[in-house]
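Here is how the chains run, residue by residue.
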Amino acid sequence: MTTTEKPQEFKVVGTRPIRHDGIDKVLGRAIYGSDVRLAGMIYGAVLRSPYAHAKITKIDTSKAEAMPGVFAVMSGKDMPLVASGALDLGETVDDTAFTSDRVMAHDKVVFKGHPVAAVAAIDQNTGLEALKLIEVEYEVLKPVISLEDAMAPGAVVIHEGLIGDDLGEKVKNTNVAVHNRSEFGDPDAAFAKSATVLERTFIISRAHQGYIEPHASTAFWAPDGKITVWTTTQAPFGVRKTISALLNQPLSDIKVIPTEIGGGFGGKIPVYLEPLAAVLSKKAGRPVKITMDRRAVFEASGPGPGGTIKVKMGVDHKGKITAATADIRYGAGAYPGASINPATAGIFACYEVPNVRIDSYDVVINMSKTAAYRAPGTPQATFASETLVGELCEIIGMSPMDFHLLNVSREGTRRPDGPVFPRIGNEACLEAIQGSEHFKSALEPSTERKLRGRGMASGYWNGIGNKSSVTINVHEDGLVSLIEGNPDIGGTRTTIAMQAAEILGLPAEDVHPAVGDTDSIGYSDLTAGSRTTYATGTAAIEAANMVIDEMKKRVAMIWETEYENIEHVDGLFVSNVAPDHKFTFKEAAGKLGQTGGPVAMTGTVNVRGSGGGSFGTHLVDVEVDPDTGKVEILRYTAAQDAGKAVHPSYVEGQFQGGAVQGIGWALNEEYYTSDDGAMINATFLDYRMPTSLDVPMIETIIVEVANTNHPFGVRGIGETSIVPPAPAVANALADAIGVRLYQTPMNPGRILEALATKKTGK
Amino acid sequence: MTQTPEQSVRKVSVQCTLNGQPTEFLAAPYVSLLETLRETLGLTGTKEGCNDGNCGACTVNVDGRIVDSCLMLAAEAEGKTIETIEGVAPAGGLHPLQQAFLEEAALQCGICTPGFLVSAKALLEREPGADEQRIRLWLAGNLCRCTGYDKIIRAVEKARDQMK
Amino acid sequence: MHPYQYIPATNITEAVSLLARYGSRARVMAGGTDLLVQLRGERYELDAVVDAKAIPELMELTLSTDGALSIGAAVPCYQVYEDEAIVAAFPGIIDAASLIGGIQVQSRASLGGNLCNATPSADGICPLIVYSGVVTLTGVGGTRTMPVEEFTTGPGRNALGYGEMLIKIDLPKPAVHFGAAYQRFIPRNEMDIAVAGVASAVTLDASGQKIESARVALAAVGPTPIFATKASGFLAGQPASEETFAKAGEIASTEATPISDMRGTVEQRHHLVGVLTRRTLAQAVQRARGNS
């Protein structure tokens, strides 16, 4: 069921063709990161620090170098010294020196799993055995794991040179890299005059994206200095830039070939293995492939941050929000860069908030540096704000749906951190849920042994536009190839091809999309930020328009008339001055040779903003076993604004996938960390992501409030769906058991504790 | 050249039937069937997700049973009949499950897809009438992080109905 | 990982002499679902893995005409739960065999391997205890038997001696009004290690209203699976009622000695023992009555 706001007649957009890369993927022929095979390829292995915080006092790789079957060994000394500086990766900016240090330690390790050395050997097991011969001596330092420890006065400082930014003031000797504040109006005065004020503190667990494919990179450093990298990544151009910066090599000497990618969710944006594989390859004179094992993926790649969030909200007698404040503190991991700014943008975005203050803290701790995880920073923040709203509604006796609608942000509302919303679909999503089967159906009543509850929550993710390039080549038989630079995580080859097909007047099958490498396609920003279908689609539309335009010129030549007399209508080239003149695209394509040669056009865009972002509202029914704390998800509906769904099946898929990730975060996912900073549950056994038996079908409602910033109204939708689930589940649980939890995951042990406190009233 | 430590434990020769063909290969005794399929036999359709039997991305069919190939030694393949994802499709075509996965958009990144197809095929061959709950239970050993399972289950149901 | 040989043994004598030769540097492999993971995780080093799956006695699964069940040490779980006669006669064993790890794991993992692996949280051991299982061990010194509850001696440790291996597990024919069940608590619906597990077996009187004898065993709440002798003793002579089950649960809970770890806390585990004891007793009684 979809609601259309701006009806536009489409022939291809909105249909459900089979994705172009589907056959290879169901046959098992698609080449992912660790499927790469090259002549003479050898296998890398990485030695990782067992300590979360230590000085490296000695490192001796000589025995490993001497081991038969070992081709090369490297450590921090083999990485060039690079200065601190901005490394602009398109959606975020990292620091070059920190990034170099992160991929290979120099004199200090700052998280368990921090690479300290690496080898390249004839096979994987030889490499692992060689690691045992590398002698490393550490002077163990006190690890800083909790936010309290990191922020306490006199805290052990992880990076001596780090200059913190505290509301613009420089701070030395700190683990707080950034303290930002966003404010408007006078929240404290408004709270004082409010009818009801509620404040709560929430603890959110660090959670991993959980992509099934571990990181895997292969590199070959040729004798002429050219470096070729095959890697599973969301950001081939970002990888190129990072390798260039870290290894001090010219950008254009580096070619990054993205393989197919087995999941990313933001976690495959940063570079981990590529520079190491390149350095080993240079030393060995062979291509080197390195893969991360699952433990390293959990410990040493970039999960989403956990943290503490304090939220306060006030309402008047009618339930209208008077003010809201938040204090958001995220554990960024061993280097700065937790997503506090998106958290600030998202935490109250669903509401009109006349007085607001949001403080946010990016705090360094001795765990791996966090990376983007689907709507980075926002699921955590929204867990806090939407769960608070759920409790507030209980207190004032207002239904959450009425509260949401009364306070809804809409076009013209000022987002609490400043920007003003253009046309958005927040209200439409709420109304879609309100009108849904699920919402209108009665929840099965609770029994003594099965407590049932229903909850809802809304969420938002803005997304980005940024730069993309798309090249379209017209074949003589009237089909076209389309080359773009965005690794295909979830069907975007096809959604991009469909947008081109729409303009070209071709069926989707007649556009053959491919993901190029950093030499074969113009610069394109990463597959992330909900931008690919939206912004790269815009580039595809531009390229397609350029193709049509050029072909009109050619057709004019053939019909010996003016270009201005040619139109392209319903897939046909027609002449205004000769009504019987018609060419199909195929016919025109067949004549390009005689009109000046092939037609190949490249559209390049730098899309400003996302056009307002995508809102979503989720509704969930849960059932709790009060004896064990076990939670079953009985029913789940996700409504979200897609602007215009290019391929509805893949839009639904994004809604469903994000919902289930959010459910996992809500119910079971956390980093169980020892006092030493080690992740104890670094396996899929104990990092518990939902299985097929843990969730029901996820009902979806595609809402379409056209995006004024895209020719077809398309919005980026890939991230929003992970934002509402955890608070929706929290609200449903509260409805079921009569007690609230303020911490993720809301696992059975915590639910039992909550039920026990309810009994005793303690 | 001096032997690597591994070479003092010699490779063993293994004969089996692989995707319908008699196949012979050498494998170190301590390597998994997964590693051998991928590295020695070039069959990279079977994936490594965790290497400890918790994600199912490495699922293959051995003598009619689905197993995690990361938890089986290559040497154990002796005399066995093994089917990997590369053996699921009939020559020149697609298995109804593969077709259903495409039609139902049951894959997003596709990394888990081979494992799911091998698992689901085994289920439908043994239990042609499996219902949604049975399908979910059977597939609980295959993790997917992209789809939330909804379209995967629908695809299996579609194939089930077509195969009857 | 230290390289090791793979040696498929074809008879018990060969396997035993290999184990005697290699000592602690060799282990028997059945399904390999624990062994291979532990080797990769370098919990220990081996020079040889002795594959037991070609040894006929270890692969035998026999429900004899007199109703006794013999499970070869390497018989994979799926064979047990796909045997309709065994499903009907030993449902408490099926409860565990169909829970361990997921379908792929059950294609290879064996109850014998689960027993020898001897983790406190093993799903397969408590049902064997309450069915009064007896293990047969053969080594250089000959063959001996012992009750299952004596076989695990600590976390990951069992009673196997030098050069000794598990051959089979024998379960006597259950009494006429006998019923047993195993339930565990896990946070998801599959694929997890038990936070707590309880197996309960009851033998009722002819009326089905009174418990003549019972055996209760607890998983994941002590250094080994725990044969809850106090709860078991209490149940003898009690009416088969909810009140009895609840009281037995309380007693069983006191016999548990859990630790807090990443899978659960002490309090949670004590609580779950009570809950699962009640539930498995109720289910065992229902099964016992159905057998009458």
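Residues numbered from 1 in each chain as written. Chains lettered and ligands numbered in written order. Predicted model: local features only at pLDDT ≥ 70, side-chain atom pairs only at ≥ 80, totals over all residues. Heavy atoms only, no water.

**Q** Please explain the overall build of chain B as it appears in this structure.
**A** Within chain B, the secondary structure is distributed over five helices and five strands. Its helices and strands in sequence order give chain B the pattern β-β-α-β-β-β-α-α-α-α, from N to C terminus. Whereas a compact globule of 164 residues would reach a radius of gyration of roughly 15 Å, chain B reaches 17 Å, a difference of no more than 12%. Expressed as lengths along the three principal axes of its C-alpha atoms, the size of chain B is roughly 55 × 30 × 25 Å. For chain B, buried positions account for 63% of its 164 residues. Taking as baseline every contact in chain B between residues at least 6 positions apart, the subset at least 24 positions apart corresponds to 55%. For chain B, the accessible area works out to roughly 5400 Å², and carbon and sulfur atoms hold 47% of it. (Helix = DSSP H or I, 4+ residues; strand = E, 2+ residues; numbered from the N terminus. Rg over C-alpha atoms; globule rule 2.2 N^0.38 Å. Buried < 20%, exposed > 50% of the residue type's maximum accessible area, 1.4 Å probe, protein only. Contact = heavy atoms within 4.5 Å. Areas by Shrake-Rupley, 256 points an atom, 1.4 Å probe, with all protein chains shown as cover.)

**Q** Would you explain unusual backbone geometry in this entry?
**A** With the exception of glycine, the majority of residues adopt a negative phi angle, and the majority of peptide bonds are in the trans configuration. Residues and elements named next belong to chain A. Residue Pro 745 is bonded to the preceding Thr 744 through a cis peptide linkage, with omega at -15°. With respect to the helices and strands, Pro 745 occurs in the loop between α19 (725-737) and α20 (748-760). Look at Asn 173: it is not a glycine, yet its phi comes out positive at around 50°. Secondary-structure assignment places Asn 173 in the loop between β11 (169-171) and β12 (176-184).

**Q** What exactly am I supposed to notice about the interface of chain B and chain C here?
**A** Tallying the contact residues gives 29 residues for chain B and 24 residues for chain C. Summed over both sides, the interface of chain B with chain C buries roughly 2300 Å², with 61% coming from carbon and sulfur. Viewed at the interface, chain C and chain B are joined by four salt bridges. With a shortest N-O distance of 2.6 Å, Glu 76 of chain B and Lys 53 of chain C are connected by a salt bridge. (Buried area = accessible area lost by both parts, 1.4 Å probe. Salt bridge = Lys/Arg side-chain N within 4 Å of Asp/Glu carboxyl O.)

**Q** What should I look at first to understand the pattern of salt bridges in this one?
**A** Oppositely charged side chains can form a pair if their charged atoms are brought close together. Enumeration according to the criterion identifies 77 salt bridges over all chains in this entry. One salt bridge in this structure joins Asp 261 of chain C and Arg 269 of chain C, with 3.0 Å as the shortest N-O distance. Relative accessible area serves as the criterion here: at 27%, Asp 261 of chain C is assigned to the partly exposed category. If you follow the salt bridges from partner to partner, you end up with Arg 19, Asp 21, Lys 25, Glu 260, Asp 488 and Arg 493 of chain A in one network.

**Q** For this particular structure, what's the right way to read the sheet that holds strand β25 (residues 566-569) of chain A?
**A** Across a sheet, paired strands are connected by hydrogen bonds in the backbone, their directions being either parallel or antiparallel. All names here are of chain A. A sheet is described by the order of its strands in space; here three strands give the open sequence β25-β26-β27, paired in antiparallel fashion. Each end of this open sheet is capped by a strand with a single partner; those strands are β25 and β27 (582-584). Strand-to-strand, the axes of this sheet are offset by a mean angle of 25°, without reference to chain direction. Pairing analysis gives three bridges linking strand β26 (residues 572-575) to β27, with the strands arranged antiparallel. When the sheet's bridge partners are listed, Phe 573 is paired in β27 with Phe 583. Sheet strands touched by helix α16 (residues 532-558): β25, β26 and β27. Its angle to β25, the strand with the most contacts, is close to 130°. (Pairing = 2+ DSSP bridges. Axes fitted to C-alpha atoms, helices over the stretch in contact; angles between N-to-C directions.)

**Q** Help me out: how do you make sense of the nonpolar core in this one?
**A** Across soluble globular proteins, you tend to see nonpolar side chains buried next to one another. One finds Phe 348 and Phe 403 of chain A together with Phe 101 of chain B to be the most contacted residues of the largest nonpolar core, which totals 246 residues. Setting aside its immediate chain neighbours within four residues, Phe 101 of chain B contacts Val 26 of chain A together with Ala 106, Leu 107, Thr 113, Phe 116, Leu 117, Ile 152, Ala 155 and Val 156 of chain B. Judged by nonpolar contacts, the second largest core, of 45 residues, contains Val 13, Ile 472, Ala 497 and Met 498 of chain A. (Core = buried A, V, L, I, M, F, W, Y, C linked by side-chain atoms within 4.5 Å.)

**Q** Just to check I follow, could you spell out the packing of helix α11 (residues 378-396) of chain A against α19 of chain A for this structure?
**A** Each packed pair of helices is defined by two parameters, the angle between the axes and the distance between the axes. All names here are of chain A. Relative to each other, α11 and α19 sit at 30°, their axes nearing to 8 Å. As the angle between them shows, α11 and α19 are arranged roughly parallel. In this structure, α11 crosses over α19, and the sense of that crossing is right-handed. For the pair formed by α11 and α19, the contact residues are Thr 382, Phe 383, Glu 386, Thr 387, Gly 390 and Glu 394 on the first element and Ala 726, Pro 727, Ala 730, Asn 731 and Ala 734 on the second. Among the residues making up the contact of α11 with α19, the classes are represented as five nonpolar, four polar and two charged. (Parallel < 35°, antiparallel > 145°, perpendicular 65-115°, else oblique. Left-handed = near helix turned anticlockwise from the far one by under 90°. Nonpolar A, V, L, I, M, F, W, Y, C, P; charged D, E, K, R; others polar.)

**Q** What is the right way to look at helix α5 (residues 150-163) of chain B in this model?
**A** Note: α-helices contain 3.6 residues per turn, so residues at a spacing of three or four share the same orientation. Taking 1.5 Å of rise per residue, the 14 residues of α5 of chain B would be expected to cover 20 Å, and the 20 Å separating its terminal C-alpha atoms lies within 8% of that figure. Within the span of α5 of chain B, buried status applies to Asp 150, Lys 151, Ile 152, Ile 153, Ala 155, Val 156, Glu 157, Ala 159 and Arg 160 of chain B. Where α5 of chain B is buried, its residues touch α18 (648-667) and β31 (698-704) of chain A together with α2 (96-103), α3 (113-126) and α4 (132-138) of chain B. (Expected span 1.5 Å × (residues − 1).)

**Q** It is not clear to me how helix α1 (residues 12-22) of chain C should be interpreted in this structure. Could you clarify?
**A** Residue and element names in this part refer to chain C. Every buried residue of α1 is accounted for by Ile 12, Ala 15, Val 16, Leu 18, Leu 19 and Ala 20. Against the buried residues of α1 lie β1 (5-8), β2 (26-29), β3 (48-51), β6 (134-139) and β10 (165-171). Looking at where α1 begins, the residue whose side-chain oxygen comes 3.1 Å from the main-chain nitrogen of Thr 13 is Asn 11. (Polar contact = N/O pair within 3.5 Å; in protein donor to acceptor, adjacent residues only side chain to side chain.)

**Q** Even after reading the chapter, I still don't get the pairing of strand β15 (residues 227-231) of chain A, so can you show me in this structure?
**A** The side chains of a regular strand alternate between both faces of the sheet. Residues and elements named next belong to chain A. Among the five residues that make up β15, five are buried, leaving the element largely enclosed by the rest of the structure. In β15, alternate side chains face the same way, and those of Ile 227, Val 229 and Thr 231 on one face and Thr 228 and Trp 230 on the other are all buried. In terms of strand pairing, strand β14 (residues 216-221) meets β15 through five bridges, oriented antiparallel. Counted as the bridge partner of Trp 221 is Ile 227 from β15. Counted along the chain from β14 to the antiparallel partner β15, the turn is five residues long, and its residue Gly 225 has a positive phi close to 90°. Alignment of β15 against strand β16 (residues 254-258), held across five bridges, turns out to be parallel. Of the residues in β16, the one forming a bridge with Thr 228 is Lys 255.

**Q** Can you help me understand the interface of chain A and chain B in this one?
**A** For interface size, the figure often reported is the accessible area lost on association. Facing the 62 residues of chain A at the interface are 54 residues of chain B. When chain A packs against chain B, the two sides together hide about 4600 Å² of surface, and 58% of this comes from carbon and sulfur. By the criterion of area lost to chain B, the three top residues of chain A are Val 26, Ser 692 and Met 697 of chain A, representing 17% of everything that side buries. In this assembly, chain A and chain B are joined by five salt bridges. Residue Lys 47 of chain B pairs with Asp 35 of chain A through a salt bridge whose shortest N-O separation is 2.6 Å. At the boundary of chain A with chain B, the tally comes to 27 residue pairs in polar contact (both at pLDDT 80 or more). Listed by contribution, the elements that provide at least two residues to the side of chain A that touches chain B are α1 (22-27), α4 (124-131) and α18 of chain A.

Any functional reading would require information beyond the geometric quantities listed.
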